[in-house]
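# Notes for the structure review
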Amino acid sequence: MTTKGWNLRVFKREQRSLFGEILDWMLTPLLLLWPISLALTWLVAQGLANKPFDRALVYNVQALAQQVKLGPDKTVQFSLPQPASELLRADETDLVYYQVRGAQDEHLSGERDLPLPKPNEPKGSSYEVHIRDDEMRGLEVRVAYTWIRLDAEGKRPALVQVAETREKRSVLAAEIIKGVMLPQFALLPLAVLLVWLALVRGIKPLSQLEERIRARKPDDLSPLDDKAVPMEVAPLVVSVNDLLERLKDSIVTQKRFLADAAHQLKTPLAGLRMQADLAQRSGSSEEDLKKSLQQIGRASVQATHTVNQLLSLARAEGGGTHLLQELCDMPTLAREVLQDCLPRAMDKGLDLGYEGVEPGALGAQLQGNPTLLKEMLRNLVENALHYTPGAPEHQGVITVRVLVDPYSKVLVVQVEDNGPGIPLHERDLVFQPFFRALGTNVDGSGLGLPIVKEIAQHHGASVSIDATFAGQASPGACFTLRFGVI
């Protein structure tokens, strides 16, 4: 047997039927309770069968007790007429025995070997009849007996007993059991059938739900109707709808990424092709060829930057919360980003620095993905590097701050510059993909700030923009991230 075939057999063996499992859990208790019901019915039938025959025994004991008299010589006497004796033994099914014993425990009449009551059995008052189960000549008998006090001298009372075998009682108990259990033999298969039909009807909505899902087209990601399913299945449908919604968002993100990539790469690729055509012309001078190569290099750098930004945006929009998260120290991440961006700031003559709490400070840590958080900070710093003029025409200053509010314990990250700033009416627009402010001659893809917003939202942070020097020629811009306030 191959490994694939073995795995298939294991899968089939472990797969269970919900219908069969529910049917087992419903029928197994029913089949287990049926013998218990049979035993309880037997006990009840025995009690019911004893009652009428016990009354006959009590009547016979009382009739015999009336024949026990105290003679003139203070001796106990018993006289049973012959017809009464024959009538007492006239039962065609069971054997009837009786016994009369005097105050001196002498045998007066009846069977001598009829068992006597046990010493611990109550005697009760005179003529009070008691019933017990006993054995006579190897047969189980039902015995009714009574004690008779004939004088007040405290002598031992006389004893009258009547015993009867249990044949009629067993027959009556069997008839009662037949009357009760035989209908159950007919009702049990009917109950099984009704349970099976009820289960078929009960799981029918699941089959209908399966049919609706199978009938859907591959591109139909609309939510399922959770009102048309039973209450127990509604959470499953809600979970499926949530999965469909996330799948729809993922597909929309992929489509937008492809559209954005095609749109943004069209311009640099067209420039590369045009410059290549110019360089291939036979009449081009060495100076023209050098300019074309410079343009090709600049277009390739722009295309590479655009692709990297698109990939970062797709990763941020594609669910950064599902990436590996760990405890991140924001001052440490900020300093690493500043070290990466420092060579470019020095080339442009910008003052790039850090202010705020030291690495490891209390409250400066958060759960997040370090790669995405560094990407977020890098985009903010690079945005400031792009738009802040450098030496010699302007003394550009860029400051990265990591602060912890001493009262609310909110972690705040700021990237501040003294560049041209962002007009108030454009501060919400700059977070839209590919938006570029009018009047700027700086190269860029317009994706850096949207990436910042996406990553910030995944980490529960809000983003705001303020002017650093409002009313001045270079108002600057201060991007503020507040974690844990959304």
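The structure reproduced in this document is the subject of the present report. (Residues numbered from 1 in each chain as written. Predicted model: local features only at pLDDT ≥ 70, side-chain atom pairs only at ≥ 80, totals over all residues. Heavy atoms only, no water.)

## Observations regarding the pattern of salt bridges
As a reminder, the rule being used: Salt-bridge detection follows one rule: a side-chain nitrogen of Lys or Arg within 4 Å of a carboxyl oxygen of Asp or Glu. Throughout, exposure labels follow a simple rule: accessible area from a 1.4 Å probe, protein chains only, divided by the maximum for the residue type, with under 20% read as buried, over 50% as exposed, and the rest as partly exposed. Secondary structure elements are taken from DSSP: a helix is a run of H or I of four residues or more, a strand is a run of E of two residues or more, and numbering for both begins at the N terminus.
On inspection of all chains with the given rule, the structure shows 18 salt bridges. Among the ionic pairs, Asp105 bridges to Arg101, the shortest N-O distance being 2.9 Å. Note on Arg101: relative accessible area 14%, which makes it buried. One salt bridge connects Arg378 with Glu375, and the closest N-O pair in it is separated by 3.8 Å. Taken together, the positions of Arg378 and Glu375, both in helix H9 (residues 370-387) and three residues apart, correspond to about one turn of that helix.

## Points about the sheet that holds strand E12 (residues 411-417)
Going by this rule: Two strands qualify as a pair provided DSSP detects at least 2 bridges between them. The angle between two axes is taken between their N-to-C directions and runs from 0 to 180 degrees, where each axis is a line fitted to C-alpha atoms and a helix contributes only its stretch in contact.
A sheet is described by the order of its strands in space; here five strands give the open sequence E9-E11-E12-E14-E13, paired in mixed fashion. With partners counted over all chains shown, the strands left at the sheet margins are strand E9 (351-356) and strand E13 (461-466), one partner each. Between one strand and the next, the sheet's axes are offset by a mean angle of 15 degrees, whatever the strand orientation. Of the strand pairs in this sheet, E12 and strand E14 (residues 477-483) are connected by seven bridges, and their pairing is antiparallel.

## Here's the deal with the sheet that holds strand E7 (residues 158-165)
Think of a sheet as strands paired side by side through backbone hydrogen bonds, with each pair either parallel or antiparallel. Pairing within the open sheet is antiparallel, and its five strands lie in the order E4-E3-E7-E6-E5. Since the sheet does not close on itself, it has two edges, and those belong to strand E4 (107-110) and strand E5 (129-136), each with one partner. Between one strand and the next, the sheet's axes are offset by a mean angle of 20 degrees, whatever the strand orientation. Two elements, strand E3 (residues 96-101) and E4, share three bridges in a ladder whose sense is antiparallel. The residue of E4 that forms the bridge with Gln99 is Gly110.

## Things to note about the packing of H9 against helix H10 (residues 448-458)
Rules: Take the far helix as the reference: if the near one is turned anticlockwise from it by less than a right angle, the crossing is left-handed, and if turned clockwise, right-handed. The contact rule is simple, with two residues in contact once any of their heavy atoms fall within 4.5 Å. All residues other than Ala, Val, Leu, Ile, Met, Phe, Trp, Tyr, Cys, Pro, Asp, Glu, Lys and Arg, Gly among them, are scored as polar; the first ten of these are nonpolar and the last four charged.
Where H9 meets H10, the closest approach of the two axes is 9 Å, and the angle between their N-to-C directions is 145 degrees. Here H9 and H10 pass one another in a crossing that is left-handed. Within the contact between the two elements, H9 uses Leu372, Leu373, Glu375, Met376, Asn379, Leu380 and Asn383 and H10 uses Gly448, Leu449, Ile451, Val452, Ile455 and Ala456. In the contact of H9 with H10, the residues fall into nine nonpolar, three polar and one charged.

## Here we look at the nonpolar core
So the rule is basically this: We define a nonpolar core as any set of buried Ala, Val, Leu, Ile, Met, Phe, Trp, Tyr and Cys residues linked to one another through side-chain atoms lying within 4.5 Å.
If you look at the biggest cluster of nonpolar residues, it comprises 41 residues, and the most contacted ones within it are Met330, Leu373, Met376, Phe479, Leu481 and Phe483. Secondary-structure elements contributing two or more residues to this core are helix H8 (330-348), H9, strand E11 (397-404), E12, H10, E13 and E14. In terms of residue count, the dominant contributor to this core is H9 (eight residues). Val96, Ala103, Ala144 and Ile148 belong to the second largest nonpolar core, which has 16 residues in total.

## With respect to the packing of aromatic side chains
Applicable threshold: Note on aromatic pairs: the rings of Phe, Tyr and Trp (six-membered ring only in Trp) are paired at centre separations within 6.5 Å, and the planes decide the class, stacked below 30 degrees, edge-to-face beyond 60, tilted for the rest.
Under the criterion given, the structure shown has one aromatic pair. Their ring planes at 45 degrees and their centres at 6.5 Å tell us that Phe78 and Tyr98 sit as a pair that is tilted. Pair noted here: Phe78 is in strand E2 (residues 76-78) and Tyr98 is in strand E3, with a separation of 20 residues, a long-range link.

## Focus on unusual backbone geometry
The phi angle at Asp105 is positive, at roughly 65 degrees, despite the residue not being glycine. Within the fold, Asp105 resides in the loop between E3 and E4. Taking relative accessible area as the criterion, Asp105 reaches 29% and is therefore assigned partly exposed. One non-glycine residue, Lys409, lies in the positive phi region at around 60 degrees. For Lys409, the location among the structural elements is in the loop between E11 and E12. In this structure Lys409 comes out as exposed when scored by relative accessible area, which is 58%.

## A look at helix H4 (residues 167-202)
One turn of the α-helix equals 3.6 residues, which is why residues spaced by three or four share an orientation. Just so we agree on the cut-off: What a helix should span is 1.5 Å times the count of its residues minus one. Bend is the name given here to the angle between axes fitted to two runs of seven residues, the run ending at a residue and the run starting at it.
For H4, which comprises 36 residues, the first-to-last C-alpha distance of 51 Å matches the rise-based estimate of 52 Å (1.5 Å per residue) to within 8%. The largest bend in H4 amounts to roughly 30 degrees and is located at Ala186, with the proline Pro189 lying one to four residues further along. Within the sequence span of H4, burial applies to Lys168, Arg169, Ala173, Ile177, Met181, Val195 and Leu199. Buried residues in H4 make contact with helix H2 (18-65), strand E6 (139-148) and E7.

## Quick notes on a nonpolar patch on the surface
To be explicit about the condition: Each patch is assembled from residues with relative accessible area greater than 30% and no salt bridge, linking like charges that lie within 9 Å and nonpolar side chains (Val, Leu, Ile, Met, Phe, Trp, Tyr) that lie within 5 Å. Surface accessibility follows the Shrake-Rupley procedure with a 1.4 Å probe radius. Residue values consider only the protein chains on display as shielding.
Nonpolar side chains collect at one region of the surface, where Leu187, Leu190, Leu193, Leu194, Trp196, Leu197 and Val200 lie side by side and expose about 630 Å² of accessible area between them. With respect to the helices and strands, Leu190 occurs in helix H4. Here Leu190 falls in the partly exposed class, since its relative accessible area comes to 42%.

## Focus on the packing of H8 against H9
The following threshold applies: Roughly parallel refers to an angle under 35 degrees, roughly antiparallel to one over 145, roughly perpendicular to one between 65 and 115, and oblique to any angle outside these ranges.
Viewed as axis vectors pointing N to C, H8 and H9 meet at an angle of 30 degrees, and their least axial separation amounts to 9 Å. By the angle between their axes, H8 is roughly parallel relative to H9. Note that H8 runs across H9; the crossing there is right-handed. Note on element contacts: H9 touches H8 through Pro370, Leu373, Lys374, Leu377, Arg378, Val381, Glu382, Leu385 and His386, opposite Met330, Leu333, Ala334, Glu336, Val337, Asp340, Cys341, Arg344, Ala345 and Lys348. Of the residues that constitute the contact of H8 with H9, the class distribution is 11 nonpolar, one polar and seven charged.

## Examining the environment of Asn60
Inspection of the secondary structure assignment puts Asn60 in helix H2. We classify Asn60 as partly exposed; its relative accessible area is 23%. C-alpha of Asn60 to C-alpha of Ala163: the two residues are 103 residues apart in sequence and 9.9 Å apart in space.

## Observations concerning the side chain of Asn241
Along the chain, the position of Asn241 falls in helix H6 (residues 234-280). For Asn241, the residues in contact, after removing those within four places along its chain, are Pro223 and Leu224.

## Describing the pairing of E5
Here E5 shows one buried face, formed by His130, Arg132, Asp134 and Met136, and one open face, formed by Val129, Ile131, Asp133 and Glu135. In terms of strand pairing, E5 meets E6 through eight bridges, oriented antiparallel. Across the sheet, the residue bridging to His130 is Tyr145, located in E6. Here E5 hands over to E6 after two residues, with Arg137 in that stretch at a positive phi of 55 degrees.

Such coordinate-based values are descriptive only and should not be taken to indicate function.
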